[in-house]
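Given next are the chains, with one letter for each unit.
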Amino acid sequence: MFKTLLTTTAALALVAGLVAVSHAQSPGDLAIVAHPETPVAQMSLAELRQVMKGDRQYWKPDLPVVLFVRAATSEERTAVLGVIYQMSEPQFNQYWIAKQFRAESTSAPTKLNSNALTQQFVSSTPGAIGFMAARDVKPGVKILKIDGASPGEPSYRLHLTK
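*Asks:* What exactly am I supposed to notice about the packing of helix α2 (residues 45-52) against helix α3 (residues 75-85) here?
*Replies:* To characterise two packed helices, one gives the angle between the axes of the helices and the distance between these axes. Contact pair α2 / α3: the axes reach a minimum separation of 10 Å and the direction vectors enclose 115°. The segment α2 lies against α3, with Leu45, Leu48, Arg49 and Met52 engaging Val83, Ile84 and Tyr85. Residue classes in the contact of α2 with α3 are distributed as six nonpolar, no polar and one charged.

The following block contains the structure:
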């Protein structure tokens, strides 16, 4: 009996260890965060793409969309460029230059150097939307569901890349 219990405990510990190792190697999910009073709780990926590309500039008539993006070297930005913008870094920069030249936007999104700054600016700026590693989200921002799913759910499609 004791030997069976010991074997079972060892097997469970091994499985738990494998799960922990597997989770530690996973880069995690990307959270789309908004100011708590932004009048949206979920969006389709297509709607998110419109907002992030500056094609939708207002949440409502008196509340403009304020875009915050991570700095060029971050894993979050790499993921967003690939999945949401579907552009390379040079294409992204050229896209915003052209958008400003055509007077379709007064400025490019504000670049932030950390998830902590993203949290700070999004939580304090009405109409703000940004993105950050889901593991770094703290209270004070609203995590938007994308295509009906939240970070951590099996059907969630926005993941950080290694």
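*Asks:* How should the pattern of salt bridges be read in this particular structure?
*Replies:* Any two side chains of opposite charge can pair, given that their charged atoms come close. The final tally for this structure, using the stated rule, is seven salt bridges. Of the charged contacts in the structure, one is a salt bridge between Asp55 and Lys99, with a shortest N-O distance of 3.2 Å. One end of the pair, Asp55, is in the loop between α2 and β3 (58-60); the other, Lys99, is in helix α4 (residues 89-101), and 44 residues separate them in sequence. Between Arg157 and Asp147 there is a salt bridge whose closest N-O contact spans 3.0 Å. On the criterion of sequence distance, the pair formed by Arg157 in the segment after β9 (145-146) and Asp147 in the segment after β9 is long-range, its members being 10 residues apart. Bridged by salt links that share partners, the residues Asp55, Lys99, Arg102 and Glu104 form one connected network.

*Asks:* Before we go on, may I ask you to explain the sheet that holds strand β6 (residues 110-112) in this structure?
*Replies:* Each strand in a sheet pairs with its neighbour through backbone hydrogen bonds, running either in the same direction (parallel) or in the opposite one (antiparallel). Pairing is mixed in the open sheet, where five strands are placed in the order β6-β5-β7-β1-β8. Unpaired on one side and paired on the other, β6 and β8 (142-143) mark the two borders of the sheet. Against the sheet, α2 contacts β1 (30-34), β5 (66-70) and β7 (128-133), and its axis sits at roughly 110° relative to β7.

*Asks:* Help me understand α3, please; the structure alone is not making it clear to me.
*Replies:* For α3, the set of buried residues is Glu76, Arg77, Ala79, Val80, Leu81, Ile84 and Tyr85. Gln86 occupies a position one or two residues after α3 and carries a positive phi of about 55°.

Basis of the calculations
- Residues numbered from 1 in each chain as written.
- Predicted model: local features only at pLDDT ≥ 70, side-chain atom pairs only at ≥ 80, totals over all residues.
- Heavy atoms only, no water.
- Axes fitted to C-alpha atoms, helices over the stretch in contact; angles between N-to-C directions.
- Helix = DSSP H or I, 4+ residues; strand = E, 2+ residues; numbered from the N terminus.
- Contact = heavy atoms within 4.5 Å.
- Nonpolar A, V, L, I, M, F, W, Y, C, P; charged D, E, K, R; others polar.
- Salt bridge = Lys/Arg side-chain N within 4 Å of Asp/Glu carboxyl O.
- Pairing = 2+ DSSP bridges.
- Buried < 20%, exposed > 50% of the residue type's maximum accessible area, 1.4 Å probe, protein only.

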